[in-house]
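A closer look at the structure
Residue strings, one per chain:
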Amino acid sequence: MKRKYLLGGILALLLATNAGAQEKKNLSAEKWTLGFNAAALDFYTPKLNEFSSFKKSMAIGPDVTISRNFFKSGFGITANILSPNIMNDKLAPVANKYLLMFGPGVTYNFSNSYMIPAKFPIAPYLFANALGSVAKVQDNGKETKMGFGIPVGLGINWKLSDGLALNTKGGYMFGLTDYFEDNVYWSAGFTFRITKEKVEEAPKVILPADTDGDGVIDELDACPDVPGLVELNGCPDTDGDGVADKDDECPEIAGLAQYNGCPDTDGDGIPDPKDECPQVAGLVQFKGCPEPDTDGDGVVDSKDRCPEVAGLPALNGCPDRDGDGVADIDDRCPDVAGPASNKGCPEVKEEVKVKLQQIASSVKFESGKSVLKKESYALLDEVVKIMNEYPAYSVSVEGHTDASGTDAINDKLSADRAKVCADYLISKGIAADRVSSVGFGSKNPIADNKTAEGKAKNRRTEFKLSIKD
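Since the structure is predicted, the reported quantities are computational estimates derived from the model, not experimental observations.

**Comments concerning the environment of Ala 378**
Looking at where Ala 378 falls in the secondary structure, it is placed in helix H4 (residues 375-389). The exposure class assigned to Ala 378 is partly exposed, which follows from its relative accessible area of 47%. A C-alpha to C-alpha distance of 9.3 Å links Ala 378 and Val 363, two positions 15 residues apart in sequence.

Here it is, written out as structure tokens:
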């Protein structure tokens, strides 16, 4: 009865082990192995209830095992053929021809990556078989007897190489019929792997195409045929300025994104490719160059009143040849210094003004006519000298009469007399555009027309100098 309880416990352990394996199972590993061992059966120890110490004779014979592992958790099945030698002892089975044991079994391999790493060189396992026996008994030499028993025990595969292991195992065989005696079972030999482990391949994952291998799939790669940067959607950036080459107008020179990847060396807001003066800050209207200064006087053309002639900044870029502070373009006498109030020309000397007054009061005409008296010619020659001395000036000859006669007669007479004087000056070489004449008649008296002395003063010719425009 005890033996049955022990056998039931071992079977329960194997079933529980297998159940655990089922819970943890992975896909089938399908691994076939073939074992050739030499086995020894000890019938004496169980019957005598004492350890035989291998002093008694033992039944020895070949043990062939074929196994298949179904699960990576260690569960497998076996088929055994065991044929110990003929026994002739009263404690051992009686067989005068042969004793053959065979049948299936189950195993649990601890070297399954759950308990012991699969690559560990020592692989222990539990086994349990259901063996039937056939014996030719010695009673009459003809009768064949059959029996049934269950061997259980522990085995170890000592791995020698990939696919070859030294196998040792031992256990107890429980005889369940009259012709299957209990015995202690020992075996040693070699195990060969006859099929490679079938490792199930993981499902193939079809990854999105990445033609250029830059880590950005073609679907998201703006440059699918050229390796680039993830942050630039798979496009390269040769100059490293953060602007993808496809958008970079200067792909080999680092620049700024605001200028499409081009630099602005002079910082004038105009990218170098569009800047005709990339090393000097300039203006857009001058294509990146500074505002021109054609005459090189330090005053840019837009502020230079004389852009083609070097001048002075104080005079807005215009020259001042006579140094009188009046720019030549405004100076009616650019080669002679004069005040700005007189348009840059020297003022008429006071003595010259006095002399002109004297001449004006001394020029005489025939009475009631516009004919010069001879003594007036010398006076007008003095006016010519003065005009030559002041070439920038023009002269206006003004004719005046006294109040005698009508206005019409006086107006005509004064105009004619003034013209006669002007024509004389022109005849002496004074440019016509510098001489003008006008008659005022009796409109501008300088004395009382009621007296003869006053009328004499009012009959006069005046010479007024002014700067010509």
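Once you've had a look at it, read on.
**Here's the deal with the packing of aromatic side chains**
For any two aromatic rings, the description comes down to two numbers: the centre-to-centre distance and the angle of the planes. Per the counting criterion, the structure on display carries 7 aromatic pairs. Ring centres 5.5 Å apart and planes at 10° place the aromatic pair Tyr 377 and Tyr 424 in the stacked group. Remark: Tyr 424 occurs in helix H5 (residues 407-427) and Tyr 377 occurs in helix H4; sequence separation between them is 47 residues. Looking at Tyr 424, the relative accessible area reads 14%, which means it is buried. Taken together, a centroid distance of 5.5 Å and an interplanar angle of 85° make the contact between Tyr 390 and Tyr 393 edge-to-face. Tyr 393 carries the same exposure label as Tyr 390, and that label is buried.

**Here we look at unusual backbone geometry**
Leave glycine aside and you will find that most residues have negative phi; peptide bonds, for their part, are mostly trans. You will see that Asn 260, though not glycine, has its phi angle at about 55°, which is positive. Relative to the elements of secondary structure, Asn 260 occurs in the loop between strand S9 (183-193) and helix H3 (350-362). Looking at Asn 260, the relative accessible area reads 37%, which means it is partly exposed. Of note, the phi angle at Lys 343 is positive, near 60°, even though the residue is not glycine. Positionally, Lys 343 belongs in the loop between S9 and H3.

What counts, and at which threshold
Residues numbered from 1 in each chain as written. Predicted model: local features only at pLDDT ≥ 70, side-chain atom pairs only at ≥ 80, totals over all residues. Heavy atoms only, no water. Helix = DSSP H or I, 4+ residues; strand = E, 2+ residues; numbered from the N terminus. Buried < 20%, exposed > 50% of the residue type's maximum accessible area, 1.4 Å probe, protein only. Phe/Tyr/Trp six-rings, centres within 6.5 Å; stacked < 30°, edge-to-face > 60°.

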